[in-house]
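# Chain and residue survey
Single-letter residue listing:
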Amino acid sequence: MDDACSAAINDGFLYMGSGNFTETSDGFGNNNYNGYQRAEEIIIKANSELANNIDQWRKTPGESYPPTPPQNNIRYILSGVYFHRDDDAYYHTLTRNQIHAKYNIDGNDVLDVYHAPKDGFDGFASGFGGSNKYFFIRDYPLYIQPACQNWSLEFAGKVYNHEIGHTLSLRHTWNEQDACNDTPLGFIYDRVTNTGGCLMNQYANCYRFDPNIPGCPRKPCDEQHKITNNVMDYTEQFPRAYTQCQINRINSELAGNGNTYIHSCNGCMPSQAFFHMNKSYWICENTSSVVLNGLASFNETIYLIEICEIVPGQPSNCMSGTYYSTGWMTGTVGRIELASFYNFLPDKSYKITLTVDNEDCPPSHTFEQIIGTKGCPVPEPCVCFELMAVNPFGDEFSLYYDATESGLLEVVLVNQVSGQVTQLISPTQISAGSYIHRQNVGHLPTGSYVVLANFKGEQYAKTAIRF
Ligand SMILES: [Zn+2]
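Residues numbered from 1 in each chain as written. Predicted model: local features only at pLDDT ≥ 70, side-chain atom pairs only at ≥ 80, totals over all residues. Heavy atoms only, no water.

Taken as a whole, this structure holds 28 aromatic pairs when the rule is applied. Ring geometry for tryptophan 151 against phenylalanine 155: centres 4.8 Å apart, planes inclined by 15°, an arrangement best described as stacked. In this pair, tryptophan 151 and phenylalanine 155 both sit in helix H7 (residues 149–167), four residues apart, roughly one turn of the helix. You can call tryptophan 151 buried: its relative accessible area is 8%. Connected via pairs of aromatic rings, a cluster forms that spans Tyr324, Phe341, Tyr342, Phe344 and Tyr350. Of note, arginine 96 hangs over the ring of phenylalanine 136, and the distance from its end group to the ring centre comes to 6.0 Å. The ring of phenylalanine 128 has arginine 171 lying over it, and the distance from NZ or CZ to the ring centre is 3.9 Å. (Phe/Tyr/Trp six-rings, centres within 6.5 Å; stacked < 30°, edge-to-face > 60°. Helix = DSSP H or I, 4+ residues; strand = E, 2+ residues; numbered from the N terminus. Buried < 20%, exposed > 50% of the residue type's maximum accessible area, 1.4 Å probe, protein only. Lys NZ or Arg CZ within 6 Å of the ring centre and 35° of its normal.)

Take the coordination of the zinc ion next. Donor atoms from the polypeptide that bind the zinc ion are His162 (NE2), His166 (NE2) and His172 (NE2), placed at 2.1 Å. Between consecutive donor residues of the zinc ion, the sequence gaps follow H-x3-H-x5-H. With histidine 162 and histidine 166 both in helix H7 and four residues apart, the pair spans about one turn of that helix. Owing to a relative accessible area of 5%, histidine 162 belongs among the buried residues under this scheme. (Donors = N, O, S within 2.8 Å, 3.2 Å for Na, K, Ca; no water.)

In this section: the sheet that holds strand E18 (residues 421–430). The four strands are arranged E18-E17-E20-E21 in an open sheet whose pairing can be described as antiparallel. Each having just a single partner strand, E18 and strand E21 (458–466) make up the two edges of the open sheet. Averaged over all adjacent pairs, the angle separating strand axes in this sheet is 15°, with direction ignored. (Pairing = 2+ DSSP bridges. Axes fitted to C-alpha atoms, helices over the stretch in contact; angles between N-to-C directions.)

Next up on the list: the pairing of E18. Looking at chain direction, strand E17 (residues 407–415) and E18 are connected through seven bridges and run antiparallel. Paired with leucine 408 across the strands is glutamine 429, a residue of E18. Between E17 and E18, which pair antiparallel in sequence order, lie five residues; one of them, glycine 419, sits at a positive phi of approximately 80°.

With that settled, consider a nonpolar patch on the surface. A contiguous nonpolar surface patch, about 240 Å² in accessible area, is contributed by Leu185, Ile188 and Tyr203. Mapped onto the elements of the fold, isoleucine 188 is located in strand E5 (residues 188–192). The partly exposed category is assigned to isoleucine 188, whose relative accessible area is 32%. (Patch = residues over 30% accessible without salt bridge, like charges linked within 9 Å, V, L, I, M, F, W, Y side chains within 5 Å. Areas by Shrake-Rupley, 256 points an atom, 1.4 Å probe, with all protein chains shown as cover. Salt bridge = Lys/Arg side-chain N within 4 Å of Asp/Glu carboxyl O.)

Moving on, we get to the sheet that holds strand E4 (residues 134–137). Strand order in the open sheet made by the three strands is E2-E4-E3, with mixed pairing throughout. Because the sheet does not close on itself, it has two edges, and the strands there are strand E2 (112–115) and strand E3 (123–125). Averaged over all neighbouring strand pairs, the angle between strand axes comes to 15°, with direction disregarded. When E2 meets E4, the two strands line up parallel, connected through four bridges. Within the sheet, the bridge partner assigned to aspartate 112 lies in E4 and is tyrosine 134. Together, E2, E3 and E4 form the strand contacts of H7, whose direction differs from that of E4 by roughly 150°. (Contact = heavy atoms within 4.5 Å.)

Moving on, we get to the nonpolar core. Tyr76, Tyr160, Tyr242 and Ile250 are the most contacted members of the largest nonpolar core, which has 32 residues in total. Where this core is concerned, the elements lending two or more residues are helix H2 (35–51), E4, H7 and helix H8 (244–255). Counting residues per element, this core draws most heavily on H7, at seven residues. Counting 23 residues, the second largest nonpolar core, distinct from the first, contains Phe385, Phe397, Val451 and Ala464. (Core = buried A, V, L, I, M, F, W, Y, C linked by side-chain atoms within 4.5 Å.)

Within the secondary structure layout, lysine 158 lies in helix H7. For lysine 158, a relative accessible area of 6% gives the class buried. Separated by 77 residues in the primary sequence, lysine 158 and threonine 235 place their C-alpha atoms 9.6 Å from one another. Once you skip the residues sitting within four places of it in the chain, lysine 158 turns out to touch Glu49, Tyr207, Thr235, Glu236, Gln237, Phe238 and Arg240.

Our next topic: the pattern of salt bridges. Opposite charge on two side chains permits them to pair, given that their charged atoms come into close proximity. For the structure on display, the rule yields 13 salt bridges. One salt bridge connects glutamate 23 with arginine 85, and the closest N-O pair in it is separated by 2.7 Å. Taken as a pair, glutamate 23 in the loop between strand E1 (15–16) and H2 and arginine 85 in the loop between helix H3 (53–56) and helix H4 (87–90) lie far apart in primary sequence, 62 residues in all. A salt bridge links aspartate 139 to arginine 38; the shortest N-O distance between them is 2.8 Å. Linking aspartate 139 in the loop between E4 and helix H6 (140–143) with arginine 38 in helix H2, this pair joins segments that are 101 residues apart in sequence. A relative accessible area of 4% places aspartate 139 in the buried class. What makes arginine 38 buried here is its relative accessible area of 2%. Connected through salt bridges with shared partners, the residues Asp222, Glu223 and Lys226 form a single ionic network.

Written out as structure tokens, the structure reads:
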């Protein structure tokens, strides 16, 4: 499977649904996995590679190594997960620098990671060292292949460590001057060129054991000991390791340029508070929904939510009689319906404060956000339907939709040029649930379409290309 997964990344592939992880799902119908969880799992994966460096260290024959493999004491803390819906960024009409300039979040203290499915590289770091660090990772195209999902998580953790390695001044080991004597260069081989010529004495980067790669005559990767597992090589070996010199370089980078990226940790993994909320919420008679999405809080074992009304512009003062605290709750923060225990009134401003703690690793950490409320529109809005479509689509059109309430649904497909309408779902009463609708549309011309759904009187639209 490894071969298929790593090879498939260069092929064309279908994006299903939203084209990336979202706040609520994996983007193609799985509501049990979302972008917050993805971020947490990758950080945990990358941290475990850092934590077990001693066990992972593979010594290459012929090199001189210190007797005790080094420990790597760096760990990452997830400080937030943000979702942007921006075609120019998604399709790289903007350069990476422009994307970072637009979405940079605390870039001098926090390393920003952009999950960009359409990037041309598995990973791409902002530079070697530097005081504004960020990197891009592709990730999603691997995840969406069902057979590659477990592998893709390992791979993402590895890309994180490799790219962060670059931002902490590490260079590739196999063929360039990386300023480290304990990272062996790749084994020497003689490369057969595309035109059948021979380049003698090249340094091999052995991604995997493969005796079938030709040499003229020396082959690059025909013996197991030639396969590296250094973090700064390209290799499919999991997990991988750092040498003493690489760890020293990381530490000196973090003592200089990178110093602002160090946050206290007491020798353990502290928790980090983060949540997403909308800027404003409708307050209706019976159906008010004010959800705090705290899935991106990291490594917490207990949490506490405080709510109070404030005067706009004066977030430090709670208005008297409006303060509420949940008290310490056990477990991790998930999606929490605040309206179930706090009586929000329309046309007010509220301060929402989340504090998390890890009982094995103080201190606690707090994140707060101001939200607004508005009076209920008529008719009451329904936050109860999500629509996803395979895009682009061929002869078969697949539609995924979720309803959290029952209601009347109709879905049509409209050709954007001719206006021709094809009925996908005639008006039908559906119950709450997740659905898949497949339909042969082989008779339709290629081109640009809009999927239009009407659920409980609300319109939902998605564009999709027929090829
Ligand atoms: Zn690299």
